[in-house]
Amino acid sequence: MAHVFVSRALTGDALDRLTDAGHDVDVWPGNLPPHPTELRERVAHAHGLLAMLTERIDTALLDAAPQLKVIANYAVGFDNIDMEAITARGIAVGVTPDVLTDATADLAFALLLAAARRLAEAQRAVRDGRWRTFEPQGWLGADVHGATLVIVGGTGRIGQAVARRAAGFDMNIISLGRDGDLHQALQHADFVSLHAPLTPQTRHLIDDAALHAIKPGAILVNTGRGGLVDQPALARALQDGRLAAAALDVTDPEPLPADDPLLDAPNLLVVPHIGSATRTTRGRMVHMAVDNLLAGLAGDPLPHPAPVPRK
Ligand code: DGY
């Protein structure tokens, strides 16, 4: 029998598969993540860990978990995990690819459309009683059809799924892989959607220079990771109107502190990291995480291992 710590209550009954296999499962009861000290205590005797991206898996955590054999990250991204420290200890790491591709691409497109047509502001005006009549010059947004969308991380699963949606909206698509010329592409962008993984190389990929290279009046959508964007630079680009709008599912940190200057920027839409948050997708993610745990605890190769990051 192995001991598994699960860092948050999860949807559905997939965790029963662990108990059915004879494992002992400890689920963190709170809605907020365990504090790092609490996490270290809870993994002290764990052989398996089902972690959210809110859990920082670093040397301190691994030192506190000497029996750990497998970590199932409840995400396709794994930038919360120090992979070098993991590899040195021979711990297996699993992720949840594919099942969240379409849900995340749907959200990216929802944000793109919402930002283009100013839905959040428009709804606020209606609710606040500020909308009096049809306004021939009011609420003018940007056309999506015929516009150019730059997809950063365009060769990945989610980037490609966004491209399929964009094609259905008659957009021109510039899909950038790892070695594409970002600044050159940004000059043509009416919209930019970010889907690159967060690595030391991609941190603050969208920085001041990128935001100066971007076509004036473009709209930025980020459903990848908050760290891809230099947020003070983004706040400045929104303040001085270089960007028409930004729509973010992810920020750094999450959530943004109430006094973060980015929250004062105009034309900013922020939602609380809900890319994969559909009932079906989240249910499938738990099953994939459990598949990874069961394999890792049995000493078998994981069905959905974290890819080895390229340098
Ligand atoms: C992921 O999977 O990496 C998402 O950000 C959370 O679902």
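Procedures and definitions
Residues numbered from 1 in each chain as written. Predicted model: local features only at pLDDT ≥ 70, side-chain atom pairs only at ≥ 80, totals over all residues. Heavy atoms only, no water. Helix = DSSP H or I, 4+ residues; strand = E, 2+ residues; numbered from the N terminus. Rg over C-alpha atoms; globule rule 2.2 N^0.38 Å. Buried < 20%, exposed > 50% of the residue type's maximum accessible area, 1.4 Å probe, protein only. Contact = heavy atoms within 4.5 Å. Areas by Shrake-Rupley, 256 points an atom, 1.4 Å probe, with all protein chains shown as cover. Lys, Arg positive; Asp, Glu negative; His and termini not counted. Charge placed at Lys NZ, Arg CZ, Asp CG, Glu CD. Pairing = 2+ DSSP bridges. Right-handed = clockwise from strand over helix to strand, strands pointing away. Salt bridge = Lys/Arg side-chain N within 4 Å of Asp/Glu carboxyl O. Near = heavy atom within 4 Å. Polar contact = N/O pair within 3.5 Å; in protein donor to acceptor, adjacent residues only side chain to side chain. Domains from an automatic or database assignment. Buried area = accessible area lost by both parts, 1.4 Å probe. Nonpolar A, V, L, I, M, F, W, Y, C, P; charged D, E, K, R; others polar. Expected span 1.5 Å × (residues − 1).

Novice: Can you help me understand the overall build of the protein in this one?
Specialist: Along the backbone of the protein there are eleven helices and eleven strands. Its C-alpha atoms give the protein a radius of gyration of 21 Å, within 12% of the compact-globule value 19 Å for 311 residues. Projecting the C-alpha coordinates of the protein onto the three principal axes gives extents of approximately 70 × 45 × 35 Å. Taking all 311 residues of the protein together, the buried fraction comes to 48%. Contacts in the protein between residues at least 24 apart in sequence constitute 63% of all its contacts with a sequence separation of at least 6. When the accessible surface of the protein is summed, it comes to about 15,200 Å², and 53% of that surface belongs to carbon and sulfur atoms. Within the protein, one finds 27 positive and 36 negative side-chain charges whose respective centroids are separated by 3 Å.

Novice: Please explain the environment of Pro 197 as it appears in this structure.
Specialist: Positionally, Pro 197 belongs in the loop between strand E8 (191-194) and helix H9 (208-213). In the structure, Pro 197 is positioned 60 residues away from Gln 137 in sequence and 40 Å away in space, judged by C-alpha atoms. Not counting chain neighbours up to four residues away, the residues in contact with Pro 197 comprise Thr 202 and Leu 228.

Novice: Please explain the pairing of E8 as it appears in this structure.
Specialist: A regular strand places its side chains so that they alternate between the two faces of the sheet. Side chains of E8 alternate between two faces, with Phe 191 and Ser 193 and Val 192 and Leu 194 buried alike. By the bridge criterion, four bridges tie strand E6 (residues 148-152) to E8 in an arrangement that is parallel. If you follow Leu 149 over to E8, its bridge partner there is Phe 191. Where E8 and strand E9 (residues 218-222) come together, four bridges link them in parallel fashion. Across the sheet, Phe 191 pairs through a bridge with Ile 219, a residue of E9. Of the crossover connections in this fold, the one passing from E8 over H9 to the parallel E9 is right-handed.

Novice: Would you explain the pattern of salt bridges in this entry?
Specialist: Note on pairing: side chains with opposite charge can pair once their charged atoms come close. Considering all chains together, one arrives at 14 salt bridges under this definition. Residue Arg 17 pairs with Asp 291 through a salt bridge whose shortest N-O separation is 2.5 Å. Here Asp 291 lies in helix H11 (residues 279-297) and Arg 17 lies in helix H1 (residues 16-20), a separation of 274 residues in the sequence. Close ionic contact of Arg 42 with Asp 26 constitutes a salt bridge, the shortest N to O distance being 3.0 Å. Highlighted residues: Arg 42 in helix H2 (residues 36-42) and Asp 26 in strand E2 (residues 24-27), separated in sequence by 16 residues. Take Arg 42: its relative accessible area is 28%, and that puts it in the partly exposed class.

Novice: Sorry if this is basic, but what is going on with the site of the ligand here?
Specialist: Contacts to the ligand come from Leu 53, Ala 75, Val 76, Gly 77, Leu 100, Arg 225, His 273, Ser 276 and Met 285. At a separation of 3.0 Å, an oxygen atom of the ligand approaches a polar backbone atom of Gly 77. Taking Arg 225, its side chain carries an N or O atom lying 2.6 Å from an oxygen atom of the ligand. Within the complex, the protein chains bury 89% of what would otherwise be the 230 Å² of accessible surface of the ligand.

Novice: What is the right way to read the domain arrangement of the protein from this model?
Specialist: By a widely used convention, the size of an interface equals the accessible area lost when the partners come together. The domain boundaries assigned to the protein delineate domain 1 (3-99 + 279-297) and domain 2 (101-270). Distance between the C-alpha centres of domain 1 and domain 2: 31 Å. Each partner contributes to the interface: domain 1 provides nine residues, whereas domain 2 provides five residues. Summed over both partners, the interface of domain 1 with domain 2 comes to about 590 Å²; 44% of that surface belongs to carbon and sulfur atoms. Area buried by domain 1 at its contact with domain 2 is led by Leu 53, Asp 79 and Asp 98, which between them contribute 64% of it. On the surface where domain 1 and domain 2 come into contact, there are two salt bridges. In this structure, Arg 225 and Asp 79 form a salt bridge, with 2.8 Å as the shortest nitrogen-oxygen distance. Taken together, the links from domain 1 to domain 2 amount to two residue pairs in polar contact (both at pLDDT 80 or more). Looking at the side of domain 1 that touches domain 2, its residues break down into five nonpolar, two polar and two charged.

Novice: Looking at this structure, how should I read H11?
Specialist: Count 3.6 residues to each turn of an α-helix, and residues three or four apart come out pointing the same way. The terminal C-alpha atoms of H11, which comprises 19 residues, lie 27 Å apart, in line with the 27 Å expected from a rise of 1.5 Å per residue. Residues Thr 281, Gly 283, Met 285, Val 286, Met 288, Ala 289, Val 290, Asn 292, Leu 293, Ala 295, Gly 296 and Leu 297 constitute the buried set of H11. Close packing links the buried residues of H11 with strand E1 (3-6), H1, strand E3 (48-51), strand E4 (70-73), strand E5 (92-94) and helix H5 (101-116). Note on H11: the residue one or two positions beyond its end, Gly 299, has a positive phi of about 80°.

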